[in-house]
Amino acid sequence: MSEQDYRDLRREYDAEALRRTMLAASPMEQFGQWLAAAQEKHPDDATSMSLATVDSQGWPSARIVLLKHFDEQGLVWYTDTHSRKGQALAANPRAELLFYWKGLERQVRIQGRVEAVSAAEADQYFNSRPLGSRLSAAASQQSSVVPDRAVLEAAVAAMQERYPDGQVPRPARWGGYRLLPQRFEFWQGRTSRLHDRFEYVRQDDGWLIQRLAP
């Protein structure tokens with residue numbers, strides 16, 4: 001395969017400035033404001049986030065997951081805890097989340113420790129999901145090797161027969177995680193790559209806010 005050259009492919013960012021005086025005192029409040037703006041602009045993808053983890057061998061992994069709820073304590077997503085990301089978090093309960101909102105020329109990075117949500121929280125969300133999603137979660141051993149799709153479809157069909165009333169219980173391996181933020185970075189694209197970047201770093205008495213060079 002010949003070299004694919006993208007060195008001349010570029011775009012210009014022309015968003016308005018992000019200034020220190022515009023930032024909320026709480027990074028979660030600032031995040032909520034930006035997420036609301038992203039939902040208005042692109043409602044289908046606003047809660048998509050890259051989740052980066054590191055496994056017990058030091059190998060990093062990143063994948064897209066969906067933010068399901070957040071508050072001042074942290075940000076929550078749900079998954080199979082036996083999956084690759086679940087195993088990585090069991091070995092190293094630290095992660096980073098990345099939100100990228102192209103239409104707003106913004107990104108937010110959030111770094112922190114990760115903990116499991118309570119069984120009650122996991123039950124509540126699992127039971128609110130569409131039936132098809134609950135059947136798939138119960139039937140699929142996420143990240144395990146399967147010979148073909150037919151095996152997965154057969155497993156879902158078996159679940160449908162087992163629970164004809166649709167009352168699929170939450171599998172013990174399926175749960176949620178909460179990232180407890182220690183650091184936020186808010187990035188706003190600007191002209192000539194002189195972007196605006198601000199970070200919030202958790203301190204004993206609150207949050208330190210400082211500008212970063214682009």
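Look up a bit, the structure's there.
Residues numbered from 1 in each chain as written. Predicted model: local features only at pLDDT ≥ 70, side-chain atom pairs only at ≥ 80, totals over all residues. Heavy atoms only, no water.

**A short note on a nonpolar patch on the surface**
On the surface, Val146, Val151 and Leu152 cluster together into a nonpolar patch covering about 190 Å² of accessible area. By secondary structure assignment, the location of Val151 is in helix 5 (residues 149-162). (Patch = residues over 30% accessible without salt bridge, like charges linked within 9 Å, V, L, I, M, F, W, Y side chains within 5 Å. Areas by Shrake-Rupley, 256 points an atom, 1.4 Å probe, with all protein chains shown as cover. Salt bridge = Lys/Arg side-chain N within 4 Å of Asp/Glu carboxyl O. Helix = DSSP H or I, 4+ residues; strand = E, 2+ residues; numbered from the N terminus.)

**Description of the side chain of Glu105**
Within the secondary structure, Glu105 sits in the loop between strand 5 (94-101) and strand 6 (106-116). Discounting residues that sit within four places of it in the chain, Glu105 has contacts with Arg11, Glu12, Tyr13, Asp14, Ala15, Trp187, Gln188 and Gly189. (Contact = heavy atoms within 4.5 Å.)

**Points about the packing of aromatic side chains**
Per the counting criterion, the structure on display carries 13 aromatic pairs. Pairing Phe31 with Trp101 gives two aromatic rings, centres 6.3 Å apart and planes at 35°, and the pair type is tilted. A residue pair is termed long-range when its members are at least 10 positions apart, and Phe31 in helix 1 (residues 27-41) and Trp101 in strand 5 qualify at 70 residues. Relative accessible area serves as the criterion here: at 0%, Phe31 is assigned to the buried category. A ring pair is formed by Tyr78 and Trp174, whose centres lie 5.6 Å apart and whose planes are at 10°; its orientation type is stacked. Of this pair, Tyr78 sits in strand 4 (residues 75-80) while Trp174 sits in strand 7 (residues 174-188), placing them 96 residues apart in sequence. The two residues Tyr78 and Trp174 agree in class, both being buried. Grouped by ring-pair contacts, the aromatic residues Trp34, Phe184, Phe186, Tyr200 and Trp207 constitute a single cluster. (Phe/Tyr/Trp six-rings, centres within 6.5 Å; stacked < 30°, edge-to-face > 60°. Buried < 20%, exposed > 50% of the residue type's maximum accessible area, 1.4 Å probe, protein only.)

**Looking at the pairing of strand 5**
It is a general feature of regular strands that their side chains alternate between the two faces of the sheet. Pairing between strand 1 (residues 48-54) and strand 5: 3 bridges, direction antiparallel. The residue of strand 5 that forms the bridge with Leu51 is Leu97. The pairing of strand 5 with strand 6 spans 8 bridges and is classified as antiparallel. Note that in strand 6 the partner of Leu97 across the bridge is Ile110. Counting the residues between successive antiparallel strands, the hairpin from strand 5 to strand 6 contains 4 residues, one of them, Glu105, with a positive phi of roughly 55°. (Pairing = 2+ DSSP bridges.)

**Things to note about the packing of helix 4 (residues 131-139) against helix 5**
The geometry of helix 4 relative to helix 5 is characterised by a closest axis approach of 9 Å and an angle of 115° between their N-to-C directions. Comparing the axis directions of helix 4 and helix 5 gives the class roughly perpendicular. Regarding helix 4 and helix 5, the two cross each other, and that crossing is right-handed. The residues of helix 5 that touch helix 4, namely those facing Leu135, Ser136, Ala138 and Ala139, are Ala155, Val156, Met159 and Gln160. Split into classes, the residues belonging to the contact of helix 4 with helix 5 amount to 6 nonpolar, 2 polar and no charged. (Axes fitted to C-alpha atoms, helices over the stretch in contact; angles between N-to-C directions. Parallel < 35°, antiparallel > 145°, perpendicular 65-115°, else oblique. Left-handed = near helix turned anticlockwise from the far one by under 90°. Nonpolar A, V, L, I, M, F, W, Y, C, P; charged D, E, K, R; others polar.)

**Concerning the pairing of strand 8 (residues 196-203)**
Here 6 bridges tie strand 7 to strand 8, and the two strands are oriented antiparallel to one another. When the bridges of strand 8 are listed, Glu185 appears paired with Glu199. Here 7 bridges tie strand 8 to strand 9 (residues 206-212), and the two strands are oriented antiparallel to one another. Looking at strand 9, one finds that Gln203 is bridged to Gly206. A loop of 2 residues connects strand 8 with strand 9, the two strands running antiparallel in sequence.

**What about the environment of Glu115?**
For Glu115, the position within the fold is in strand 6. Each C-alpha atom of the pair Glu115 and Val76 lies 9.6 Å from the other, and the pair is 39 residues apart in sequence. If we ignore the near neighbours within four places in the chain, the residues touching Glu115 are Gln73, Gly176, Tyr177, Arg178 and Leu180.

**Regarding the nonpolar core**
Soluble globular proteins: nonpolar side chains tend toward being buried together. By size, the foremost hydrophobic cluster in this structure holds 30 residues, and its most contacted members are Phe31, Trp77, Phe99 and Trp101. Residue assignment for this core shows that the elements contributing at least two residues are helix 1, strand 1, strand 4, strand 5, strand 6, strand 7 and strand 8. Ranked by the residues each element gives to this core, the list is headed by helix 1, at 5 residues. Setting aside chain neighbours within four positions, we find Phe31 in contact with Leu67, Phe70, Leu75, Phe99, Trp101, Val108, Ile110, Phe184 and Phe186. Core analysis: the next-biggest nonpolar cluster, separate from the first, contains 7 residues, Val76, Tyr78, Val117 and Ala122 among them. (Core = buried A, V, L, I, M, F, W, Y, C linked by side-chain atoms within 4.5 Å.)

Function-wise, these values are silent; they only describe arrangement.
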